[in-house]
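These are the residues of each chain, in order.
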Amino acid sequence: MTTIHVAGGIGRAPTAMAAYDAALADANLHNYNLVAVSSVIPADAEIEVVDRAPDLGPAGNRLTVVEGRSVVGPEAAVETAATAIAWATGPGPGLFYEASGTDPDAVEDAARRGLDAGCELREWTFTDRDALVSTIDADGGGHTAAVVLAAYGDSEPIC
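Residues numbered from 1 in each chain as written. Predicted model: local features only at pLDDT ≥ 70, side-chain atom pairs only at ≥ 80, totals over all residues. Heavy atoms only, no water.

A closer look at the pattern of salt bridges
- Under the definition given, this model contains four salt bridges.
- With a closest N to O distance of 2.8 Å, D109 and R113 form a salt bridge. Taken together, the positions of D109 and R113, both in helix α2 (residues 104–120) and four residues apart, correspond to about one turn of that helix.
- For R113, a relative accessible area of 51% gives the class exposed.
- Close ionic contact of D116 with R129 constitutes a salt bridge, the shortest N to O distance being 2.6 Å. (Salt bridge = Lys/Arg side-chain N within 4 Å of Asp/Glu carboxyl O. Helix = DSSP H or I, 4+ residues; strand = E, 2+ residues; numbered from the N terminus. Buried < 20%, exposed > 50% of the residue type's maximum accessible area, 1.4 Å probe, protein only.)

Take a look at the structure:
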């Protein structure tokens, strides 16, 4: 059985990329080459929500993820960066849906509404639903970033 670790992180830095990297570091997922996939959870996977991802292999490895990301620059007239991943599981395959924006409640609602629509497209049984939201106040003093990632199993060598 594969474990999918779901973790959120936040970061502040002088550039958008550095803030994103800081948010990944907060989730302990900053040392991997992330490969984004769309949304399907394998039937044999177990979802584990964690504060920080455990060690998933050597630095530089490839790690498969579903990712929500929100980065706000210092010039933005918003107060918050927010992102969410919602998921539905059952006895078979499951789904992840992500959303990002500046209002945490609206972001979670969008992720859950998208998930509902995705579930309706499939003839699978979904018995459990949940979501994780990550937010950070945008203070205008630099870039701020919020991430939520679902990391599929352990990392693999990239070359």
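Digging into the environment of G118
- Its location among the elements puts G118 in helix α2.
- Among the residues examined, G118 registers a relative accessible area of 0% and is labelled buried.
- Here the alpha-carbon distance between G118 and Y97, two residues 21 residues apart in the chain, equals 8.2 Å.
- Excluding residues within four positions of it along the chain, G118 makes contact with L95 and Y97. (Contact = heavy atoms within 4.5 Å.)

A closer look at the sheet that holds strand β8 (residues 128–137)
- With antiparallel pairing, four strands are arranged side by side in an open sheet as β3-β7-β6-β8. Strands at the two margins of the open sheet, each flanked by one partner only, are β3 (40–41) and β8.
- Bridge analysis of strand β6 (residues 80–89) against β8 gives ten bridges, and the strand direction is antiparallel. The residue bridging A88 from the neighbouring strand is R129, located in β8. (Pairing = 2+ DSSP bridges.)

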